[in-house]
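Remarks on the overall topology
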Amino acid sequence: MFKKALADLKTSAPLRSSDRRKLKQRVLQSFPVLQPEEGDLLVPDGLQSQKFSTHLEEPGVAYFSPEGDPLWFTIGKGSEELIPTVYTLWKRPDLLPFLSTPAPVVPKLISGADLMIPGVIQHSPNLVPDQLVSVTQYHRGAIGPPLAVGRMAVSSDTLRSAEERDIKGKAVYVLHTWKDALWEMGSSKKADVPAPREFGVTGEGDESNNDDAEASTTAMQEAQPPDPDVEPKSNGAKGALLPPNVSSLLRTALIQAIGTTLSKIPPSSFPMSASTFWSTYVLPARPAFALEMYGLPDASSIDVKHSTFKNVKTFLKASAKEGLIKLKESKSDVTVTAVFPQHPDVLARRPHRTIGDIESKVKKAEDREQKEREAEEKRKGEIQVSELWKPYGTTVPFFVAAEKDTSELYTPTEIRNIVNDYVSSHNLINANDQQYINVGSDQALATAVSVKGEDTPEFMKRDEVLRRVRAHMQTWHEIRAEGRDALRKKGELKPISVVMKIRQGRKACTLITGFEPYGLQAEELAEELRKVCASSTSVTPIHGKPNSLEVMVQGKQVKAVADLLIARGVPKRWIETSDLTTSKKK
């Protein structure tokens, strides 16, 4: 929403004392978690208000602290709903329910994207659509500081069932983020991001009791209540588990695994070694809600050596006595020969978010980030080709009327925006069908789209208007490559031609032409192809085309040539291959 700088900014004005008191009362009523004495912290004396419009032309009001930091804002004409900014949420992080997302997602939110369901790792319970929430960066065993505020697009029930039902779509419509245009208006915009806070610690730094912590935030997507067999965390043992607690959590993990992953594998997977059964199926199924319940930084404490069983063999034997699994015992170890998904405890289980789910989601996010980094590195070495157009002939009067520079070069997106803005500002959209533009009622636009020998129609589809305007402009192109100056030239850029032909009777060869504009040297290209293709190469001038050369390599080498050109940074789109040995164009 605040991706671009705010428009129509009015002069800021201090709030009268009576208006400030009313605003403070609205804040306290809207956010019951606040104590009355906190009103002065979040609605301080000297508060100023300023009206604005977003780049989406949505009106709003922002309220600034005496230091100049935006604390609250409203969006929409006449709206009285107060939305806290990231500045305010850093003062009171638990003001809103939260959702957490992996670090690679945060830059996308700052760039203006909404939070998608696959990007949610943790969330508070009992969320409903349209509810205000904060978005934090995921930290194992802690809650990161709020970095965005938005509205829920779905409920927490939908989030919990998202993976099982493969639900996609948006989780949060993001309204405001750290480092967006609203944030940048603050005097404290260069402030360091606060450190993550432990579960059960409020924004004021006081440790809340276990009941309050569980009521206000839940660490994982599955906000499942504790297992009735698990004892609550003792006040003096934060981060520690008693052996019976660990045993109960491991039993919960086993039941979860039997009801999910183990029930889907074929019977031929058994017998299975105890170590494989334990590491592949039981450990990943440990309940994630235990991290918040016991204030654990990670799941290492939920291990059999910390339980009453002390080792995997003893745990599995106890589970076999309950009828959950079947074992075959040997002198040194046991093997699992079967599991029983129809066991009453398995059928009665309550699905929970698992440690494996969390680790898998974080791993996917890290993999995506790695791929994006690799793609970015590849793009750095790639030749950047831009197609540009300059106002020319019949289009010049239109660009003058649109108050645009007629000597400038424009991209297709810029041309589209200029036409759309002109059509909107001159009320040229057809009242009966908005796909059509009333070109006949505007002389400058009519001239720009007219074709010699043809009467200009009164109405024309928007896409046709754009096509004609661009067709009547002068074509240019720009080529940028790392380590070289940008090259701008008039005319349409032709792709590199890679053609297979039959020469000298039945001998096939591959000819490469048109590579000079891309900064490639003929002799270097021929030498590289000689090594790559293990074939003879030659360089010859092209008859009738001064300063143009042809590189020839013996044999049918289209793929090898194309791969080499791509490796040298030429985009695939700008390589045209043909096989004239079969008269078929690829």
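Residues numbered from 1 in each chain as written. Predicted model: local features only at pLDDT ≥ 70, side-chain atom pairs only at ≥ 80, totals over all residues. Heavy atoms only, no water.

The name given to the protein in an unreviewed UniProt entry is Eukaryotic translation initiation factor SUI1 family protein, with Trametes coccinea as the source organism. The UniProt entry for the protein carries the following text under Sequence similarities (unreviewed entry): "Belongs to the eIF2D family." (UniProt positions renumbered as here; feature names shortened; annotations may be inferred.)

With that settled, the discussion passes to the overall build of the protein. If you tally the helices and strands in the protein, you get 21 helices and 26 strands. Relative to the 2.2 N^0.38 estimate, which gives 25 Å for 586 residues, the radius of gyration of the protein is 33 Å and therefore markedly larger than a compact globule would have. In terms of principal-axis extent, the alpha carbons of the protein reach across some 90 × 80 × 45 Å. Looking at the protein alone, contacts between residues at least 24 apart form 60% of all its contacts between residues at least 6 apart. Across the protein, the centroid of the 79 positively charged side chains sits 7 Å from that of the 76 negatively charged ones. (Helix = DSSP H or I, 4+ residues; strand = E, 2+ residues; numbered from the N terminus. Rg over C-alpha atoms; globule rule 2.2 N^0.38 Å. Contact = heavy atoms within 4.5 Å. Lys, Arg positive; Asp, Glu negative; His and termini not counted. Charge placed at Lys NZ, Arg CZ, Asp CG, Glu CD.)

This brings us to the pattern of salt bridges. Overall, the coordinates contain 25 salt bridges when judged by the stated rule. Its salt-bridge partner being Arg468, residue Glu454 comes within 3.1 Å of it at the nearest N-O pair. Within this pair, whereas Glu454 is found in the loop between helix 18 (443-449) and strand 18 (460-461), its partner Arg468 is found in helix 19 (residues 462-471), the two being separated by 14 residues in sequence. When its relative accessible area of 12% is taken as the criterion, Arg468 is described as buried. Here Glu527 and Lys531 are joined by a salt bridge, their closest N and O atoms 3.9 Å apart. In this pair, Glu527 and Lys531 both sit in helix 20 (residues 522-533), four residues apart, roughly one turn of the helix. You can call Glu527 partly exposed: its relative accessible area is 33%. (Salt bridge = Lys/Arg side-chain N within 4 Å of Asp/Glu carboxyl O. Buried < 20%, exposed > 50% of the residue type's maximum accessible area, 1.4 Å probe, protein only.)

Quick look at the UniProt feature "domain: DM2" (unreviewed entry) in the protein now. The sites that UniProt annotates as "domain: DM2" (unreviewed entry) are residues 387-472. When the span residues 387-472 is considered, its composition is 43% helix and 9% strand, and the gap between its end C-alpha atoms is 15 Å.

To continue, consider the domain arrangement of the protein. Examined at the domain level, the protein breaks down into domain 1 (1-190), domain 2 (243-357), domain 3 (386-479) and domain 4 (494-579). Here the C-alpha centre of domain 4 lies 61 Å away from the C-alpha centre of domain 2. (Domains from an automatic or database assignment.)

This part covers the environment of Ala148. With respect to the element layout, Ala148 can be found in strand 10 (residues 142-152). Linking Ala148 and Gly169, residues 21 residues apart in sequence, is a C-alpha distance of 18 Å.

A few words on unusual backbone geometry. The peptide bond linking Phe270 to Pro271 adopts the cis configuration, its omega dihedral lying at 0°. Looking at the element boundaries, Pro271 is found in the loop between helix 10 (261-264) and strand 13 (272-273). One non-glycine residue, Lys310, lies in the positive phi region at around 75°. Position of Lys310 relative to the elements: it lies in the loop between helix 12 (289-293) and helix 13 (312-321). Unusually for a residue other than glycine, Asn547 sits at a positive phi of about 65°.

Helix 21 (residues 558-567) packs onto helix 20 with a crossing angle of 125° between their chain directions and a minimal axis gap of 11 Å. With respect to each other, helix 20 and helix 21 are oriented oblique. Here helix 20 and helix 21 pass one another in a crossing that is right-handed. Contacts between helix 20 and helix 21 involve Leu525, Glu528, Leu529, Val532 and Cys533 from the first element and Ala560, Val561, Leu564 and Leu565 from the second. The class makeup of the residues in the contact of helix 20 with helix 21 is eight nonpolar, no polar and one charged. (Axes fitted to C-alpha atoms, helices over the stretch in contact; angles between N-to-C directions. Parallel < 35°, antiparallel > 145°, perpendicular 65-115°, else oblique. Left-handed = near helix turned anticlockwise from the far one by under 90°. Nonpolar A, V, L, I, M, F, W, Y, C, P; charged D, E, K, R; others polar.)

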